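Descriptive structure summary
The chain contents come next:
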Amino acid sequence: METIDTSQEVTLVMYLIGERTPDFDQVFDRINEKLKEKINATIEVKFMGWGEWEQKYPLVFASGEDFDLIYSADWAMYNSQASKQGFFEITKEDLEKYAPLTAESIYEDAWEQAKVNGKVYMLPMNYKELTSYVFLVRGDLMEKYGITKAETMEDVENYLDTIAKNEPSLIPLDIGSDFDARMLYDLFWQKETMDRLEKINPMQLMGYTKKGDDTVTVFNETEDPAFLTVVEKLQDWKNRGFWSKSAVVNTQNNKESFAAGKSATALMNINNAKSEYTNNILAHPEWDIRVVDAQDDVPAIVQSYLANGMCIFSKSKNPERALMALDLLRNDEELHDLFSYGIEGEHYIDLGGGKIELTEQNSNYPYDGNCNWGIRNDKYWKSVEGGIPNYDELYDKWIKTAQAGEFAAFTFNNESVKNQVAAMNDIYNTNIKLLYLGFTDDPQKDIEAAQEKLNAAGANEVYSEMTHQVKEWKDSLKE
């Protein structure tokens, strides 16, 4: 194998999404010691918070800032930035030379899914992920108000209503940040449309097609009657005081608010809930936290590998060293485990057999909670022992009906309509997000206003191009 010259020390700048946890720098000091030893490189990490990332993400590419690595995903602008030459192209030859461990281990399906216009710009996670959502609720509050059951969405609604009416010092569900709002909307939207519609990524373009439609005609989600139904439901929950009147500008996510005792409920992906549950019962055993299935019989999603990944900036001064660093973060067990779980003996205890136990210090570097998701690797993945009591019951239920979206692996090349896409993204970040939070006095009128703006922005041209591309993609699978 060719020897790579690493005699010049480099510092790589990496962007992640989320919040910097108290022990993050301590963990990365350990990671950097190993990277310095192995490839004479260290990583400086910068974060884009949940409340700002959608605005800040494109700006770091346009600003001329010098950076090297960045988290990306099918929901986090992978396609749009790849189409704008924002990412460094990764070839199989690059892998063999600079990332030989990845060349041997990457799932071929993941490599194919990462292609945009025939080229790869991401190392997707090497991890098969099931995505489903749960609520964390407080059993002590249930007992206080005689609530005997917390198993369904209807039960949660009753619980939220009780809190809103009786606990003025608590926000029932403190929705904050853009991602929170989308989660709640999606739960209601999928319930209404799961048997009829298929999503076409990226989500900011709000594109859907009807199941079984051979023409794969793409249209905006606001055009479906279910959108009005869902917005009216969200408006009702907002009007009943289930979340704050300042939710639109709230930058704290609902997990943080719950942990701080500001709210009575938290909504999250089950993967986040594994650590949040344990950390909260360690900090507040008196809360008697319970985990409630939020899927409401909607099938869980078998994610594409592009649900999480890492990319190299196209203008990185050290793309080869950046690729070498990713290779080690993904495939060196010690580095992978540091990034994913923290320091063994401090944040977790390794029990062997792929099981770990979280310590009381885990909240300072939460299990799988530090935007480590892009380097997840099935080979080294460890689950939490003594975690969510009903986890196996929930998982067994979800896995029976879990589905992969028909178009999950499709990526849209927006080059020919990039100006229209930019205008649609602005509307998504303003008008649409207000509707996702139920902030409307007249849902029908405000939906029509959003539709008028989308039409003026050129949405029809975008959907025409999407239809053409997704039809071509679908037909290519038959060849």
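Structure first, text after, so check above.
Here's a quick rundown of the structure.

1. Details of the sheet that holds strand S14 (residues 289–293)
Pairing is mixed in the open sheet, where four strands are placed in the order S9-S13-S8-S14. Edge positions in the sheet fall to strand S9 (171–173) and S14, since each of these pairs with one other strand and no more. This sheet shows a mean twist of 25 degrees between the axes of neighbouring strands, independent of strand direction. Where strand S8 (residues 133–138) and S14 come together, five bridges link them in antiparallel fashion. Paired with Leu 136 across the bridge in S14 is Val 291. Here helix H15 (residues 391–401) sits on the sheet in contact with S8 and S14, set at roughly 10 degrees to S14.

2. Observations regarding the environment of Ile 375
Of note, Ile 375 is situated in the loop between strand S18 (355–358) and strand S19 (383–384). With a relative accessible area of 1%, Ile 375 lands in the buried category. For the pair Ile 375 and Arg 330, spaced 45 residues apart in the sequence, the C-alpha separation amounts to 4.8 Å. Apart from the residues lying within four places of it in its own chain, the contact partners of Ile 375 are Met 310, Leu 329, Arg 330, His 336, Phe 339 and Ser 340.

3. Focus: helix H16 (residues 418–436)
Where H16 bends most, at Tyr 428, the angle is about 40 degrees. Of all the positions in H16, only Gln 420, Val 421, Met 424, Ile 427, Tyr 428, Asn 431, Ile 432, Lys 433, Leu 435 and Tyr 436 are classed as buried. Directly after H16, the chain includes Gly 438, whose backbone phi takes a positive value near 75 degrees.

4. A short note on the sheet that holds strand S2 (residues 41–48)
Across the sheet, which stays open at both edges, the five strands sit in the order S2-S1-S3-S16-S6 with mixed pairing between neighbours. Looking at the sheet topology across the chains shown, the edges are occupied by S2 and strand S6 (123–124). Strand direction decides the pairing type here: strand S1 (residues 10–17) and S2, joined by eight bridges, are parallel. Looking at the pairing, Thr 11 lines up with Thr 42 of S2. Against the sheet, helix H2 (residues 53–62) engages S1, S2 and strand S3 (69–72), with an angle of about 140 degrees to S3. Helix H13 (residues 319–331) contacts S1, S2, S3, S6 and strand S16 (309–312) of the sheet and is inclined by roughly 165 degrees relative to S16.

5. Brief notes about the pattern of salt bridges
Here the structure, examined in full by the defined rule, presents 30 salt bridges. Here Asp 186 and Arg 182 are joined by a salt bridge, their closest N and O atoms 3.1 Å apart. Here Asp 186 pairs with Arg 182, and both are found in helix H9 (residues 177–193), just four residues apart, close to one helical turn. Linking Asp 337 and Lys 382 is a salt bridge whose minimum nitrogen-to-oxygen distance equals 2.8 Å. Linking Asp 337 in helix H14 (residues 333–341) with Lys 382 in the loop between S18 and S19, this pair joins segments that are 45 residues apart in sequence. Since its relative accessible area comes to 7%, Asp 337 is described here as buried. Given the relative accessible area of 5%, Lys 382 is considered buried. Among the charged side chains, a network of salt bridges with common partners joins Glu 157, Asp 161, Lys 165, Lys 233, Asp 236 and Arg 240.

The rules behind these values
Residues numbered from 1 in each chain as written. Predicted model: local features only at pLDDT ≥ 70, side-chain atom pairs only at ≥ 80, totals over all residues. Heavy atoms only, no water. Pairing = 2+ DSSP bridges. Helix = DSSP H or I, 4+ residues; strand = E, 2+ residues; numbered from the N terminus. Axes fitted to C-alpha atoms, helices over the stretch in contact; angles between N-to-C directions. Contact = heavy atoms within 4.5 Å. Buried < 20%, exposed > 50% of the residue type's maximum accessible area, 1.4 Å probe, protein only. Bend = angle between axes of the 7 residues up to and from the residue. Salt bridge = Lys/Arg side-chain N within 4 Å of Asp/Glu carboxyl O.

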